[in-house]
Amino acid sequence: MSFYSNFQSDKCPGAITGNPMNGITEKVCVQVEKIFDAAIKQSQIENYTLVLTNLTPANPTYPLTFVSARSTTSDATVSNLNIDRQVDKRCARVQATVSIPVEVLYTDANGVDGSATANVSIPVDVLLYVPAPSIMPFTLRAVVSVVAPDGTYDPTSQGFIASLCATVILKIAMPVEILIPSYGYCALPPAQEYSQEVCAGFFELPLYPQSKNCPCK
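Since we're looking at a predicted model, the values are computed, not measured. (Residues numbered from 1 in each chain as written. Predicted model: local features only at pLDDT ≥ 70, side-chain atom pairs only at ≥ 80, totals over all residues. Heavy atoms only, no water.)

S.K.: How should the overall build of the chain be read in this particular structure?
M.R.: Each helix and strand in the chain was counted, giving two helices and eight strands. Secondary structure elements of the chain occur, N-terminal to C-terminal, as α-β-β-β-β-β-β-β-β-α. For the chain, the accessible area works out to roughly 15,400 Å², and carbon and sulfur atoms hold 55% of it. (Helix = DSSP H or I, 4+ residues; strand = E, 2+ residues; numbered from the N terminus. Areas by Shrake-Rupley, 256 points an atom, 1.4 Å probe, with all protein chains shown as cover.)

As structure tokens, this is what we get:
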């Protein structure tokens, strides 16, 4: 039996006067990503070595002068994942490595602007709620943001030693089908066209000057 026929009813909940579900027209199965648990980790990382790759333009003149660095995406790569369920606890110990791509801007010794990519790896070791084992597996997702307010050139790696401000949001997620009440399809109003209306102020002026009492009298 499908979910539609299983929940089919001859009575519309919205037809009952005073029902708090008044206006609901049907039950709808939607596919969503359910977040079972989430936590945010913010840290300041000192003396992190940014190893540069994909330099543009190639073959800059060293030494380089740091300008700025920040993450290029909000979705990080999670590796080395280890889940240790705690005995008699709802939470589990979650260990992983979060890898974040970063764009680095600099100027070389000749004053030429350049850019490069680097990778920031942040270990995480936290407690999160992990759902019970099921056929559908859950995943650990990491939403991230990294900026480097300052950095100094490192001749050993030909990169930069930087201070990082890192924000990592960890999510225990799973794609699921959930049955929800529905008020029907959205009614979309027509889009309002943008108009600069450069003449609006001019057209609002009176056609002829307004008569006023002469201030000389």
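S.K.: Would you explain the environment of Gln158 in this entry?
M.R.: Residue position: Gln158 is located in the loop between β7 (139-154) and β8 (159-182). When near neighbours in sequence (up to four residues on either side) are disregarded, Gln158 contacts Leu52, Tyr62, Leu64 and Tyr153. (Contact = heavy atoms within 4.5 Å.)

S.K.: In this structure, what is going on with the environment of Val144? I would like to understand it.
M.R.: Relative to the assigned elements, Val144 resides in strand β7. Judged by its relative accessible area of 6%, Val144 falls in the buried class. As for Val144 and Ile40, which are separated by 104 residues in sequence, their C-alpha atoms are 9.5 Å apart. Leaving out residues up to four positions away in the same chain, Val144 has contacts with Thr73, Ser74, Ala76, Val98, Ile100, Thr167 and Val168. (Buried < 20%, exposed > 50% of the residue type's maximum accessible area, 1.4 Å probe, protein only.)

S.K.: I tried to follow the packing of aromatic side chains on my own but got confused; where do I start?
M.R.: Aromatic ring pairs are reported here in terms of the distance separating the ring centres and the angle at which the planes meet. Across all of its chains, the model carries three aromatic pairs by this definition. Both rings, one in Phe66 and one in Phe160, keep their centres 5.3 Å apart while their planes meet at 75 degrees; by these two values the pair is edge-to-face. Placement of the pair is Phe66 in strand β3 (residues 65-71) and Phe160 in strand β8, with a sequence separation of 94 residues. Judged on exposure class, the residue Phe66 and its partner Phe160 are both buried. (Phe/Tyr/Trp six-rings, centres within 6.5 Å; stacked < 30°, edge-to-face > 60°.)

S.K.: Is there a simple way to explain the pairing of strand β4 (residues 77-85) in this structure?
M.R.: In regular strands, side chains alternate between the two faces of the sheet. With seven bridges connecting them, β4 and strand β5 (residues 91-107) associate as antiparallel partners. Counterpart to Asn82 in the pairing with β5 is Gln95. Hairpin connection of β4 to β5: five residues between the antiparallel strands, including Asp88 at a positive phi of 60 degrees. (Pairing = 2+ DSSP bridges.)

S.K.: Help me out: how do you make sense of the confidence of the model for the chain in this one?
M.R.: Detailed reading of the predicted coordinates is not advisable wherever pLDDT is low. Confidence in the prediction for the chain averages 86 pLDDT; 83% of positions are at 70 or higher. Looking at the elements of the chain, mean pLDDT is at its lowest for helix α1 (residues 3-6), recorded as 53, and at its highest for β3, recorded as 97. (pLDDT = per-residue confidence, 0-100.)

S.K.: What exactly am I supposed to notice about the pattern of salt bridges here?
M.R.: This model, assessed by the stated rule, comprises three salt bridges. Put simply, Arg93 and Asp125 hold a salt bridge, and the shortest N to O gap is 2.6 Å. Here Arg93 is found in strand β5, whereas its partner Asp125 is found in strand β6 (residues 113-129), with 32 residues between them in sequence. Each member of the salt-bridge network shares a partner with another, and the members are Glu33, Asp75 and Arg141. (Salt bridge = Lys/Arg side-chain N within 4 Å of Asp/Glu carboxyl O.)

S.K.: How should I be thinking about the environment of Arg90 in this particular structure?
M.R.: With respect to the secondary-structure elements, Arg90 resides in the loop between β4 and β5. Residue classification places Arg90 among the exposed residues on the basis of a relative accessible area of 64%. Discounting chain neighbours no more than four positions away, the residues touching Arg90 are Tyr129 and Val130.

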